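# Summary of structural features
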There are 2 protein chains.
Amino acid sequence: MKRLAILGSTGSIGQSTLSIVESYPERYSVAALAAGRNVGTAFQQVLRWRPAVVSLANEELAGELAGRLAAAGVTGVEVLGGTAGSVACATHPETDFVVSAIVGVAGLEATHAAILARKPVGLANKECMVAAGEILTREARERNVPLLPIDSEHNAVHQCMRVGTAAEVKQVWLTASGGPFRHLPLQDFASITPEQALKHPTWVMGQRITVDSATMLNKGLEVIEACRLFNLPPEQVRVTVHPQSTVHSLVEYVDGSILAQISVTDMRLPILYALAYPERPASSLTFDLAALSRLDFEPPDFARFPCLRLAYEAAARGGVHCIALNAADEVAVEAFLERKIPFLGIPRTIETVLEWTPESHPETIAGVLEADSQARERAREVVSAAALRV
Amino acid sequence: MKRLAILGSTGSIGQSTLSIVESYPERYSVAALAAGRNVGTAFQQVLRWRPAVVSLANEELAGELAGRLAAAGVTGVEVLGGTAGSVACATHPETDFVVSAIVGVAGLEATHAAILARKPVGLANKECMVAAGEILTREARERNVPLLPIDSEHNAVHQCMRVGTAAEVKQVWLTASGGPFRHLPLQDFASITPEQALKHPTWVMGQRITVDSATMLNKGLEVIEACRLFNLPPEQVRVTVHPQSTVHSLVEYVDGSILAQISVTDMRLPILYALAYPERPASSLTFDLAALSRLDFEPPDFARFPCLRLAYEAAARGGVHCIALNAADEVAVEAFLERKIPFLGIPRTIETVLEWTPESHPETIAGVLEADSQARERAREVVSAAALRV
């Protein structure tokens, strides 16, 4: 029985993880749940799963949840708040495995704490790896702590990497759906609206990641994540546009063999893989190969998707540049969704913030968080200046 | 340094193996060469590779080769003939690895001898596995002798099987080009000529295997081979028509993940994989994923390709039925190429021979060879009777 701490339990990955626990009660149970501001859903999850500990974004929300639990006659569940709460979930003595699915850098400290406490981690939070991947992977390696990717692309790469050694990998190919603007004429990019950017062709996801798919910055973050997770330089991590989103990624070996992983586009599959690794439990998530009629692959258009180029540049420079890329994008996407800047203002904001960012290589999580806030500050300045010009 | 015995050295797989030895002189050398009737090529190969032993189809040809070698002043090479010769090559003390690439059941005894002598075997001879797979795999398992498939499909399966355990495999998908008659109207099958059947869309191969691709009997033999090699029942070995021949096969796991192997269509790649396993040496056999634009997959049409159905039936019944299938097909294809029977006479011959074959389960190689000649005898009778009717 593997007892899980689910960080980000009320989000999409958290809920999918709980549905896996539901399907495999003989394999998994819930030790800890860390959520954000959704007290109602957290309350229902505690009722259903009775974890040893639950945490919300802050003390006030924790107090609200504790009150509701007391009123419902629920006892024996520790209720905490803030970063200390999510860290307590990740490091709780009853936690055997941590699912890191808090969106953004908010999940960073708890993920780091899990590694220091030698808990195996299933990683669904790509911002953690982008901002602090060098620190997290080094500390995981030193402590021999497994980091199992839950992102479908990296999960596919993890599977395909089992068919050879790391030194035998020539390059990794991350597949990208190409987003909704793969065929949009270049001159129409300036007038893309939030409504258009929020329509993703294959995956239903949160707002930021959907816009990030439209700019392909999301794929850029995944390139950086792959570099960190699999210890590869950016030139060995390539992107191929595959609109069907059924090949989740490919690994090319030095002998010329390419291994590809194919499956339904359902996050429960990589979650189950990460939880059960190295085992593969049977699931009902069957892909109908007989129904598969075609798969397309084409190179990404860097002119159309400048965010992808910026991500490669940040990946090559490492350190603070990856932090700044992620932070600037988050601020810029928010401004775009609030109609403060146009679609093309997203890469412009990122590029300006990257230019403004002084060279540094944070060696601690505190240093990463500090660099992250500085980059956000700069991004907000850039966005405000741009908004004035609009 | 791995010293190779190459059984079938003058054939296509044998020559590709020698080109691998040429490219990796620090990894491989030639201990033994077994050829058939091509004395000229065998002579050149001995001059170039100086094996400890060389063997030809019979004593007479061996004598001819010995004479030419003596005339050329070559000494220190043992020259043998017949099955005893190929067995001596396979079991020679200097042999570290046996490439089994003699076409047809002629290679059976040497392959068997290699396993008994505990030599790892790279298997390019699918007839061996079809006719005697139950015996060979059992004996290899008992002696812990690696059997590494060189057929591109089985090689792909072998790679994809490394991403889970055997018990976690739901089914294997062998890809088939579909041959030249994938879209031919059914009513035109009766008038297919040898010239039409010998035009294969993607692979350049020998005559029998090219006709076997056109009838899809070849894929049927591969289904049986996969059952034996990977210890799977026929219902777990599926066929998918993939005209581009770039995905060499796929393995579907119980959790819903499908792993696929993609590469150039060049036999040197699976040969290198088998020779080097578990290592992967770098090669120049690069597949250009960026140039890959589409991959099609469709279910095979059993009405169009009755040979495939017959192979599944033989696979399910096992034992003598697989032997009869292979033997009857070889006789029927020869008769078709000699214009004695029409194209549709091939499945008719096989079906009749299978119906005539009494149930038995040969437990020795001698028993297999005996069943093979009986099936050929029956097939010749069927073909003669059919030829009289044409």
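Here the residue numbers are simple positions, counted from 1 along each chain's written sequence. Chain labels run from A onward and ligand labels from 1 onward, assigned in the order the entries are written. Confidence filtering applies because this is a predicted model: local features only for residues at pLDDT of at least 70, side-chain atom pairs given and counted only at 80 or more, and all residues used for totals across whole chains, interfaces and linings. Where side-chain values are given, they derive from all heavy atoms of the structure, hydrogens and water being excluded.

## Brief notes about the pattern of salt bridges
In what follows, salt bridge is the name for a side-chain nitrogen of Lys or Arg lying within 4 Å of a carboxyl oxygen of Asp or Glu. Taken as a whole, this structure holds 56 salt bridges over all chains when the rule is applied. In this structure, D301 of chain B engages R304 of chain B in a salt bridge whose closest nitrogen and oxygen atoms are separated by 3.4 Å. Any residue under 20% of the maximum accessible area for its type is buried, any over 50% is exposed, and the rest in between are partly exposed; the area is computed with a 1.4 Å probe on protein chains only. Residue classification places R304 of chain B among the buried residues on the basis of a relative accessible area of 15%. One network of salt bridges, with partners in common, ties together E127, R208, D212, D329, E330, D372 and R376 of chain A.

## Let's talk about the nonpolar core
Here the nonpolar core consists of buried residues drawn from Ala, Val, Leu, Ile, Met, Phe, Trp, Tyr and Cys, with membership extended through side-chain atoms lying within 4.5 Å. Counting residues in each nonpolar core, the largest one holds 180 residues, and the members touching the most others are L325 and I346 of chain A together with L325 and I346 of chain B. Those residues in contact with I346 of chain B that sit more than four places away from it in its chain are V211, T215, C307, D329, A332, V333, F336 and I341 of chain B. Here, two residues are considered to be in contact whenever any of their heavy atoms come within 4.5 Å of each other.

## Comments concerning the packing of aromatic side chains
Note on ring pairs: Phe, Tyr and Trp rings are taken, using the six-membered ring of Trp, and paired if centres are within 6.5 Å. Classes follow the plane angle, with under 30 degrees stacked, over 60 edge-to-face and the rest tilted. One pass over the full model with this rule turns up 14 aromatic pairs over all chains. Between the aromatic rings of F189 of chain A and F305 of chain A, the centroid separation amounts to 6.2 Å while the plane-to-plane angle is 75°, which identifies the pairing as edge-to-face. With a gap of 116 residues between them, F189 of chain A in the loop between β8 (169–176) and α8 (194–197) and F305 of chain A in the loop between β12 (294–296) and α12 (306–317) connect regions that are remote in the sequence. Under the relative-accessibility criterion, F305 of chain A is labelled buried at 4%. Ring centres of F181 of chain B and F189 of chain B lie 6.1 Å apart, and the angle between their planes is 70°; this geometry places the pair in the edge-to-face category. Exposure remark for F181 of chain B: the relative accessible area of 4% places this residue in the buried category. Through a chain of ring-to-ring contacts, the aromatic side chains of F181, F189, F305, F336 and F343 of chain A assemble into a single cluster. In this structure, R68 of chain A is placed above the aromatic ring of F43 of chain A, and the distance from its NZ or CZ to the ring centre is 4.5 Å. Any Lys NZ or Arg CZ found within 6 Å of a ring centre and within 35 degrees of that ring's normal is scored as a charge over the ring. A cation over a ring is seen here: R280 of chain B above Y253 of chain A, with NZ or CZ 4.3 Å from the ring centre. Secondary structure counts use DSSP, requiring at least four H or I residues in a row for a helix and at least two E residues in a row for a strand, with both numbered from the N terminus.

## Comments concerning the relation of the copies chain B and chain A
Copies overlap after least-squares fitting; the atoms used are the C-alpha atoms of residues with pLDDT of at least 70 in both. Taken as rigid bodies, chain B and chain A are interconverted by a rotation of 180° and an axial shift of 0.0 Å, the fit giving an RMSD of 0.0 Å. Those values place the two copies in the arrangement expected of a two-fold rotation axis. The overlap is high: 100% of the interface residues of chain B also sit at the interface in chain A, so the same surface is used on both sides.

## Some remarks on the interface of chain B and chain A
Contacts between the two partners involve 43 residues from chain B and, on the opposite side, 43 residues from chain A. Buried area: the sum, over both parts, of the accessible surface (1.4 Å probe) that disappears when the two are put together. When the two sides are added together, the surface that chain B and chain A hide from each other amounts to roughly 3600 Å², 54% of it contributed by carbon and sulfur. The three residues of chain B that bury the most area against chain A are D255, R280 and L289 of chain B, which together make up 21% of that side's buried surface. Taken together, chain B and chain A are joined by two salt bridges. Distance and chemistry together define a polar contact, namely a pair of N or O atoms within 3.5 Å, with one atom able to donate a hydrogen and the other to accept it when in protein, and with adjacent residues in sequence counting only for side-chain atoms on both sides. One can count 20 residue pairs in polar contact (both at pLDDT 80 or more) joining chain B with chain A. Those elements that provide at least two residues to the side of chain B that touches chain A are α7 (152–160), β8 (169–176), β10 (247–253), β11 (258–262), α11 (268–276) and β12 (294–296) of chain B. Broken down by element, the residue count for the side of chain B that touches chain A peaks at five residues, all from β11 of chain B. For this classification, the nonpolar set comprises Ala, Val, Leu, Ile, Met, Phe, Trp, Tyr, Cys and Pro, the charged set comprises Asp, Glu, Lys and Arg, and every other residue, Gly included, is treated as polar. Looking at the side of chain B that touches chain A residue by residue, the class counts come to 24 nonpolar, 10 polar and nine charged. Two strands pair if DSSP finds at least two bridges between them. As paired strands, strand β11 (residues 258–262) of chain A and β11 of chain B are joined by five bridges and run antiparallel to one another. Its bridge partner being in β11 of chain B, L259 of chain A is matched across the sheet by Q261 of chain B.

## Observations regarding the packing of helix α10 (residues 217–230) of chain B against helix α12 (residues 306–317) of chain B
All names here are of chain B. Between α10 and α12, the shortest axis-to-axis distance is 7 Å and the interhelical angle comes to 20°. It follows that α10 is roughly parallel to α12 by the angle criterion. Crossing angle aside, the handedness with which α10 passes α12 is right-handed. From α10, L217, K219, G220, L221, V223, I224 and R228 reach across to α12, where they touch C307, L308, A311, Y312, A314 and A315. In terms of residue class, the contact of α10 with α12 is made up of 10 nonpolar, one polar and two charged. Between N-to-C directions, angles span 0 to 180 degrees; the directions come from axes that are lines fitted to C-alpha atoms, helices contributing only their stretch in contact. Angle categories are assigned with fixed cut-offs, so that under 35 degrees is roughly parallel, over 145 is roughly antiparallel, 65 to 115 is roughly perpendicular, and the rest are oblique. It is the rotation of the near helix from the far one that decides the hand of a crossing: anticlockwise by less than a right angle makes it left-handed, clockwise makes it right-handed.

## Let's talk about unusual backbone geometry
All names here are of chain A. With an omega of 5°, the peptide bond between Y277 and P278 qualifies as cis. Topologically, P278 is positioned in the loop between α11 (268–276) and β12. Even without a glycine there, the phi angle at N144 is positive, about 60°. Relative to the elements of secondary structure, N144 occurs in the loop between α6 (126–143) and β7 (147–149). Here N144 falls in the exposed class, since its relative accessible area comes to 69%. For S245, which is not a glycine, the phi torsion comes out positive at approximately 55°. The residue S245 is located in the loop between β9 (237–241) and β10 (247–253) in this model.

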